[in-house]
Amino acid sequence: MSRPRLTAIAASLPSTVPFVGPEAIERQLGQKFRARLGANESAFGPSPKALAAMAAAGPESWHYGDPENNDLLAAIARHHGCTQGQVVAGPGVDALLGLTVRLYAEPGQVVVNSLGGYPTFNYHVTGYGAQLVTVPYAGYRSNPMALAHAAREHGAAIVYLANPDNPMGSWHDAAVVRDFIAAVPETTLIILDEAYGEFAPEDARPALDFSQANLLRMRTFSKAYGMAGLRCGYILGPEHLIEPFNRIRDHFGISNVAQAAAIAALADQPFLQSVIERTNAAKARIGAIVRANGMEPLPSATNFVAVDTGRDAAFAQGVLQELASQGVFIRKPGAPGLDHCIRISVGKDDALDALEDALPVAISKLA
Ligand SMILES: *Cc1c(COP(=O)(O)O)cnc(C)c1O
């Protein structure tokens, strides 16, 4: 039987997904989670002003959103003190990472990430036929200088650094990031993924420098702004790197509801501050819960806590499974050197109560 043929790149792809969603796990387990603490979402939700903007925009869903995202780009540019030409928006950083790989890495070219770094980026690298080279973490932090060296050694098309880091929650201060940027060859595109940037201490965020000709910085409304399900993120960079996105992006990819919500969210910085405070309190409570169970919380500049179980990867996997069977969803890093850790996202009090109840039970089952 003759039938359409997959492209060679698509035919070579494994049928894996970067993340199995909690909904898929619920279907497998045949039960709903009572605590959703695995996807680094913000349980504190969107700003009430963003919710009002969504409600007002809802009836307008019959028409397409502005394909130029003009008002949204203007609001982002105002927020960061840059020009609209230095911003491109898209349906989440995940989508923008894909477009970036498609624009800047030829099939077969090398792209560098940390071993255990953000899997959705790797998914796009493989998906566009580029070749992934990975660099181990140094302890529980990414190793920016080793990433820069790998980029130079391989003549990489792209090098990726998340600061603060997912899955470990660790961070580098601005001086280290600046040294990293300076050490990367001019012909290598740098992706600085700042999905957790709003949570980071001031000194973990280098000042915006649009004269850096090979640097793109990614931001999202999914984490601190509490709108992961809305799908909106953006990239900041010099115009010559940003303009080409208009050649390949989905021009109707951000709904008018999402555009309105993102504008309202940016305008409500007091709400963002309250989220950061509530996130810090929740991280402190997660730290106390895991310590009471003999585990070590790692310092975090994000909205989650990576936890050293003090045991091996099999134990960490067991904790994750036993928690899931009690209705508590968390995730864990998978790379060697990190895989004895678990990762717990912040949640509201009721979700952390569930964690507090379930964790000792999980551990006792593994003893
Ligand atoms: C959550 C996350 C993203 C995804 O952001 P979206 O805008 O929701 O696609 C990107 N990068 C990192 C490191 C993340 O943890």
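Placed above this text is the structure.
Notes on the structure in this doc start here. Because the structure is predicted, anything quoted here is derived from the model rather than measured. (Residues numbered from 1 in each chain as written. Predicted model: local features only at pLDDT ≥ 70, side-chain atom pairs only at ≥ 80, totals over all residues. Heavy atoms only, no water.)

## Here we look at helix α2 (residues 22-29)
Heads up, the rule is: To sort residues, take the accessible area from a 1.4 Å probe on protein chains only and compare it with the maximum for the residue type: under 20% means buried, over 50% means exposed, and anything in between is partly exposed. Under the scheme used here, helices are H or I runs from DSSP no shorter than 4 residues and strands are E runs no shorter than 2 residues, and both carry numbers assigned from the N terminus. Our arc is simply the arc of the directions from the helix axis toward the C-beta atoms. By the convention used here, residues are in contact when the closest approach between their heavy atoms is within 4.5 Å.
Listed in full, the buried residues belonging to α2 are Pro 22, Ile 25 and Glu 26. The buried residues of α2 occupy one face: seen down the axis, they fall within an arc of 105 degrees. Pointing more than 90 degrees away from the buried face of α2 are the exposed residues Arg 27 and Gln 28. The inward-facing, buried residues of α2 contact β1 (35-36) and β11 (328-329).

## Focus on the side chain of Glu 194
Quick note on the threshold: Each polar contact in these results corresponds to two N or O atoms within 3.5 Å; when the atoms are within protein, one needs to be able to donate a hydrogen and the other to accept it, and residues that are neighboring in sequence are counted only if both atoms are side-chain atoms.
With respect to the element layout, Glu 194 can be found in the loop between β6 (189-193) and β7 (215-220). For Glu 194, a relative accessible area of 1% puts it in the buried group. A polar side-chain atom of Glu 194 sits 2.9 Å from a polar atom in the side chain of Arg 217. Sequence-distant contacts of Glu 194, that is, excluding residues within four places in its chain, are made with Asn 163, Arg 205, Pro 206, Arg 217, Met 218 and Arg 219.

## Quick notes on the site of the ligand
To keep things clear, this is the line we draw: We call a residue near a molecule or strand whenever a single non-hydrogen atom of that residue lies within 4 Å of it. Using the Shrake-Rupley algorithm and a 1.4 Å probe, accessible areas are obtained, with residue cover drawn only from the displayed protein chains. Note on residue categories: nonpolar means Ala, Val, Leu, Ile, Met, Phe, Trp, Tyr, Cys or Pro, charged means Asp, Glu, Lys or Arg, and polar means any other residue, Gly included.
Around the ligand sit 13 residues, and of these Asp 193, Tyr 196, Thr 220, Ser 222 and Lys 223 come closest. Taking Tyr 196, its side chain carries an N or O atom lying 2.6 Å from an oxygen atom of the ligand. In the environment of the ligand, an oxygen atom lies 3.1 Å from a nitrogen or oxygen atom belonging to the side chain of Lys 223. Summarising the interface, the protein chains cover 95% of the accessible area of the ligand, which totals 390 Å² for the free molecule. Its residues assigned to classes, the shell around the ligand shows five nonpolar, four polar and four charged.

## What about the pattern of salt bridges?
The condition is simple: Only one rule defines a salt bridge in this text: a Lys or Arg side-chain nitrogen within 4 Å of an Asp or Glu carboxyl oxygen.
Counting across every chain of the model gives ten salt bridges. A salt bridge links Arg 217 to Glu 194; its shortest N-O distance comes to 2.9 Å. You can see Arg 217 sitting in strand β7 and its partner Glu 194 sitting in the loop between β6 and β7, a full 23 residues away along the chain. With respect to burial, Arg 217 and Glu 194 carry one shared label: buried. Here Glu 243 makes a salt bridge to Arg 247, at a shortest N to O gap of 3.0 Å. The class for Glu 243 is partly exposed, based on a relative accessible area of 39%. Here the salt bridges share partners, and the residues they tie into one network are Arg 285, Asp 349, Asp 353 and Glu 356.

## Concerning the packing of helix α12 (residues 269-292) against helix α14 (residues 349-366)
Counted only if it meets this: For helices, the axis comes from a line fit to the C-alpha atoms of the stretch in contact; other axes are also lines fit to C-alpha atoms, and the angle between any two N-to-C directions lies between 0 and 180 degrees. When describing relative orientation, an angle under 35 degrees is termed roughly parallel and one over 145 degrees roughly antiparallel, while 65 to 115 degrees is termed roughly perpendicular and anything else oblique.
Axis separation between α12 and α14 bottoms out at 10 Å; the angle between their running directions is 10 degrees. The orientation of α12 relative to α14 falls into the category roughly parallel. Where α12 approaches α14, its residues Ala 282, Arg 285, Ile 286, Ile 289 and Val 290 are matched on the opposing element by Asp 349, Leu 352, Asp 353, Leu 355, Glu 356 and Leu 359. Class assignment of the residues belonging to the contact of α12 with α14 gives a composition of seven nonpolar, no polar and four charged.

Read these as layout, nothing more, since geometry by itself doesn't imply function.
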